[in-house]
Amino acid sequence: MKKISIIFCALFFIAGYAGAEEMKNNTEIEIIIGNEKAEGIVYDNNAGRSFLELLPLTIKMTDYNNTEKIGKVGNKINTKGEPEAYDPDKSDIAYYQPFGNLCFFYRDFGLSHALYSIGKVTKGIEIFAGKTNDFEITIKRK
């Protein structure tokens, strides 16, 4: 039993260290919504790097399914090598390839095929949730 505990602790430490390494390469973004601002990070993965190439970006957002705000960016994001399904949580930023939508989840959602993780809103997701009409956002590097 002691060996199992030691192995578990070692694996937990290694997993935590690997996660910390991934965090070092994330890019901070600012999301301007009218006179309000949210903040986020874009992950250092193929989809995230491809998304960063589009910035600064202004897009019209609309509500979808009382779960997320979506806006069209087209088929400009490279998803090669990314997992083909994704289960987003509240505050996640994702790209839905079939419709070319950028998605800001203000509620949890379920596993979706052709949905790709791009980043996370780190401050201000409640701004998205509070919008009842269509609105415009501008995203730029911080």
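You'll find the structure just up there.
Keep in mind that what you see is a predicted model, and the values were worked out from it rather than measured.

Novice: Let's hear about the nonpolar core: which residues, and what values?
Specialist: Counting residues in hydrophobic clusters, the biggest one holds 28 residues, and the most contacted among them are Ile 31, Phe 104, Phe 128 and Ile 137. With residues up to four places along the chain from it excluded, the contact list for Ile 137 reads Ile 31, Ile 32, Ile 33, Leu 57, Thr 58, Ile 59, Met 61, Phe 104 and Phe 128. Ile 70, Ala 94, Cys 103 and Phe 105 belong to the second largest nonpolar core, which has six residues in total.

Novice: Please give an account of the environment of Gly 71 that cites residues and values.
Specialist: Along the chain, Gly 71 falls in strand S4 (residues 68-72). A relative accessible area of 2% means that Gly 71 is categorised as buried. Separated by 33 residues in sequence, Gly 71 and Phe 104 have C-alpha atoms that sit 9.0 Å apart.

Novice: With reference to specific residues and values, describe the pattern of salt bridges.
Specialist: For the coordinates displayed, the defined rule picks out eight salt bridges. Where Lys 131 meets Glu 36, a salt bridge forms, and the shortest distance between an N and an O atom there is 3.9 Å. Taken together, the positions of Lys 131 in the loop between helix H3 (125-130) and strand S10 (135-141) and Glu 36 in strand S2 (residues 36-42) put the pair 95 residues apart, joining distant regions of the chain. The exposure class of Glu 36 is partly exposed, given its relative accessible area of 33%. Residue Lys 60 pairs with Asp 134 through a salt bridge whose shortest N-O separation is 3.7 Å. Within this pair, whereas Lys 60 is found in strand S3 (residues 57-64), its partner Asp 134 is found in the loop between H3 and S10, the two being separated by 74 residues in sequence. Residue Lys 60 is classed as exposed on the basis of its relative accessible area, which comes to 57%. When salt bridges with common partners are traced through the structure, they connect Glu 30, Lys 37 and Lys 140 into a single cluster.

Cut-offs applied
- Residues numbered from 1 in each chain as written.
- Predicted model: local features only at pLDDT ≥ 70, side-chain atom pairs only at ≥ 80, totals over all residues.
- Heavy atoms only, no water.
- Core = buried A, V, L, I, M, F, W, Y, C linked by side-chain atoms within 4.5 Å.
- Buried < 20%, exposed > 50% of the residue type's maximum accessible area, 1.4 Å probe, protein only.
- Contact = heavy atoms within 4.5 Å.
- Helix = DSSP H or I, 4+ residues; strand = E, 2+ residues; numbered from the N terminus.
- Salt bridge = Lys/Arg side-chain N within 4 Å of Asp/Glu carboxyl O.

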